[in-house]
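Structural overview for review
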Amino acid sequence: MDYSSKEVAVEFPSFRLYKDGTVDRFDGDITVLPSPYTENGVRSKDIVISPASGLSARLFLPKISDPTQKLPLLLYYHGGAFVIGSPFSPIFSAFVASVAAEANVIALSVNYRRAPENPLPAAFEDAWEAIEWVAAHYRGHGSEEWINQYADLERVFVGGDSAGGTLANNIVLRAAVDGPRTVGLILYFPFFDGDEERNELLDYIFPSYSGPGDLLVNPLSDPNLAKLGCSKVVVFVAENDSLKARGWAYYEALKKSGWSGLVEIMEIEGEGHDFHLIKPERALPTSRARAKDEIVAVDYYTKWVEARPLVHITVKQVASFVNKFIICRFGVPYKIITDNDIQFRDLLGAYCEEREINSHRVQTFEEVRNEEALVESLYSVEEKGRKLR
């Protein structure tokens, strides 16, 4: 699709909306397939929560050592300003799988509807539908066998990062009145609106947004905060994160609200927003090797995406080359090429040309697996990305 001839309606740092209603997300919407079995023993599969609305999720099951022992369940909402990201992206899929392995929990990562195609509060509605769907499995009566067989629904945790933290807090607060009670809330570098001025992005993607005090996105002054429907909360903030003050403000507001549970906060020195996704070895040391492998694939895409196009090659040629490399190096196929990834296509073509890599040749899986020089050359893409900028 030729995006250069389309008229732009509005543009934000993470996406561009055209007047014909199509959206160009600058992260490329890279996805990975679920895995029947991974290095850390976690299996995953994609499920449909609601055929009517199309709500879906990725479900993660850690290695089961004792089939008679049921595990806690983590309901997770990804970040991305309500606009980008998904449970199927390399970084979120790798992170939630690592949490499932490290904490020995079943994890359900929710693919809620994103703005601007689906303005807020659509994401909040989907987040709530997901926890109701989980609750429907009580006493093994639900539609998903992994949850029926292995999940202890008396031990449900809700978590999310950035905008996903906003969703998580809202769901646990609402659950105190309308739904299943949860054990704990985990907020990773949460986004809570709190500036004196109106948030420009929220003004655009949230038609009923009433301003910085809107309780849907800013719980700090919510009179019902004391009714939060769980007994434990942990908040993670990062020293260099512009949202750090809001995380601390939430922590203080919850302590002063009269809520009877236990709240803790941890500030990580020297790190920025959502560093746990970019530097997973800092967040989950024992998952370092696998997480590093996942991130390398994202790095060579994101380092180039802002650079100036150099040469033109076809989507088919690049997709064939990239997907074969990803399969042999990381064990899972990445759907990394879409029609609007014009800059990435061009830059990868230039890179292949410079390195004398023949991306046009049809290669089998075994041929690619044995090309050690090819694998090593692609590891230098971060340096290449800096040169192209």
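Given the structure is predicted, the values throughout are model-derived calculations rather than measurements. Numbers given for residues are sequential positions, taken from 1 along each chain in its written order. Local features in this predicted model are restricted to residues whose pLDDT is 70 or higher, and side-chain atom pairs enter the listing and the counts only when it is 80 or higher, whereas totals over whole chains, interfaces and linings include all residues. Based on all heavy atoms of the structure, the side-chain values leave hydrogens and waters out of the count.

A word on the overall build of the chain
Numbering goes from the N terminus for both helices and strands, where a helix is a DSSP run of H or I of at least four residues and a strand is a run of E of at least two. Counting its secondary structure elements, the chain contains 14 helices and 13 strands. Each residue's exposure class comes from its accessible area (1.4 Å probe, protein chains only) as a fraction of the maximum for that residue type: buried when under 20%, exposed when over 50%, partly exposed otherwise. With 389 residues in all, the chain has 54% of them scored as buried. A fraction of 72% describes how many contacts in the chain between residues 6 or more apart in sequence connect residues 24 or more apart. Every accessible area reported is derived by Shrake-Rupley at a probe size of 1.4 Å, with residue values counting cover from the shown protein chains alone. As displayed, the chain has an accessible area near 17700 Å², and 51% of this comes from carbon and sulfur atoms. Note on definitions: a residue-residue contact is assigned when non-hydrogen atoms from the two residues lie within 4.5 Å.

Regarding helix α2 (residues 122-135)
What a helix is expected to span follows from its residue count: subtract one and scale by 1.5 Å. Here α2 contains 14 residues, and its C-alpha end-to-end distance of 20 Å stays within 8% of the 20 Å for a straight helix at 1.5 Å per residue. Counting buried positions along α2 gives ten out of 14 residues, so the element sits mostly inside the fold. Here α2 has its buried residues at Ala-122, Ala-123, Phe-124, Asp-126, Ala-127, Trp-128, Ala-130, Ile-131, Trp-133 and Val-134.

Quick look at the sheet that holds strand β3 (residues 23-25)
Pairing between strands requires that DSSP locate at least two bridges from one strand to the other. On the basis of which strands lie adjacent, the open sheet formed by three strands has the order β1-β2-β3 and antiparallel pairing. This sheet does not close on itself; its edge strands, each paired only once, are β1 (8-12) and β3. Averaged over all neighbouring strand pairs, the angle between strand axes comes to 10°, with direction disregarded. As paired elements, strand β2 (residues 15-18) and β3 share three bridges and run antiparallel to each other. Looking across to β3, one finds that Arg-16 is bridged to Asp-24. Helix axes are fitted only over the stretch in contact, all axes being lines through C-alpha atoms; the angle between N-to-C directions runs from 0 to 180 degrees.

So, the pairing of strand β5 (residues 43-50)
When β5 meets strand β6 (residues 55-61), the two strands line up antiparallel, connected through seven bridges. Residue pairing in the sheet places Ile-47 in a bridge with Ala-57 of β6.

Overview of the environment of Glu-125
Mapped onto the fold, Glu-125 is located in helix α2. The spatial distance from the C-alpha of Glu-125 to the C-alpha of Tyr-112 is 8.5 Å, given a sequence separation of 13 residues.

A word on helix α6 (residues 244-256)
The first and last C-alpha atoms of α6 sit 19 Å apart over 13 residues, in line with the 18 Å expected at 1.5 Å per residue. Every buried residue belonging to α6 is among Arg-246, Gly-247, Tyr-250, Tyr-251, Ala-253 and Leu-254, and all of these are buried. Projection of α6 onto a plane perpendicular to its axis shows the buried side chains occupying an angular sector of 165°, all on one side. Exposed residues lying more than 90 degrees from the buried face of α6 are Ala-245 and Lys-256. Contact partners of the buried residues in α6: α4 (163-178), β10 (184-188), β11 (232-238) and β12 (262-268). Positive backbone phi, approximately 95°, marks Gly-258, located one or two places after α6. Here the arc refers to the set of directions running from the helix axis out to each C-beta atom.

With respect to the pattern of salt bridges
Throughout this description, the term salt bridge denotes a Lys or Arg side-chain nitrogen within 4 Å of a carboxyl oxygen of Asp or Glu. One pass over the structure, following the stated rule, counts 14 salt bridges. The residue Asp-24 makes a salt bridge to Arg-16 at a minimum N-O spacing of 3.2 Å. Between Glu-125 and Arg-113 there is a salt bridge, with its nearest N and O atoms 3.3 Å apart. Of this pair, Glu-125 sits in helix α2 while Arg-113 sits in the loop between β8 (106-111) and α2, placing them twelve residues apart in sequence. Residues participating in the shared-partner salt-bridge network are Glu-11, Arg-16 and Asp-24.

Concerning the packing of aromatic side chains
Pairing of aromatic side chains requires ring centres within 6.5 Å, counting the rings of Phe and Tyr and the six-membered ring of Trp. Pairs whose planes differ by under 30 degrees are stacked, by over 60 edge-to-face, and all others tilted. Within this structure, the stated rule accounts for eleven aromatic pairs. Where Phe-12 meets Phe-15, the ring centres are 5.4 Å apart and the plane angle is 25°; that geometry is what we call stacked. No difference in accessibility class separates Phe-12 from Phe-15, as the two residues are buried. Ring geometry for Phe-206 versus Tyr-209: centroids 6.0 Å apart, planes at 35°, classification tilted. When its relative accessible area of 2% is taken as the criterion, Phe-206 is described as buried. Accessibility expressed as a relative area gives 5% for Tyr-209, which makes it buried. By the ring-pair criterion, three or more aromatic residues cluster together here, those being Tyr-76, Phe-95, Tyr-188 and Phe-236. Here, a charge over a ring means that NZ of Lys or CZ of Arg falls within 6 Å of the ring centre while also lying within 35 degrees of the ring normal. Directly above the ring of Tyr-18 sits Lys-6, whose terminal nitrogen or CZ lies 4.8 Å from the centroid. When the ring centre of Trp-146 is taken as origin, the NZ or CZ atom of Lys-45, which lies over that ring, is 4.2 Å away.

Here's the deal with the packing of α2 against α4
Across the interface, α2 lies against α4 with an axial gap of 10 Å and an inter-helix angle of 55°. With respect to α4, the axis of α2 lies oblique. For the element pair α2 and α4, the recorded crossing hand is right-handed. Each of Ala-123, Phe-124, Ala-127, Trp-128 and Ile-131 in α2 lies in contact with α4, whose residues at this interface are Thr-166, Leu-167, Asn-170, Ile-171, Arg-174, Ala-175 and Asp-178. In terms of residue class, the contact of α2 with α4 is made up of eight nonpolar, two polar and two charged. The labels follow the angle: roughly parallel below 35 degrees, roughly antiparallel above 145, roughly perpendicular from 65 to 115, and oblique for the rest. A crossing counts as left-handed when the near helix is turned anticlockwise from the far one by less than a right angle, and as right-handed when that turn is clockwise. The classification used treats Ala, Val, Leu, Ile, Met, Phe, Trp, Tyr, Cys and Pro as nonpolar, Asp, Glu, Lys and Arg as charged, and all other residues, Gly among them, as polar.

A short note on the side chain of Asn-218
Along the chain, Asn-218 falls in the loop between α5 (200-205) and β11. Given a relative accessible area of 7%, Asn-218 falls into the buried group. A polar atom in the side chain of Asn-218 sits 2.7 Å from the backbone oxygen of Pro-212. Filtering out sequence-adjacent residues up to four positions away, Asn-218 remains in contact with Asp-193, Gly-194, Pro-212 and Gly-213. Whenever two N or O atoms come within 3.5 Å, that pair is a polar contact, provided that in protein one can donate a hydrogen and the other can accept it, and provided that, for residues adjacent in sequence, both atoms are side-chain atoms.

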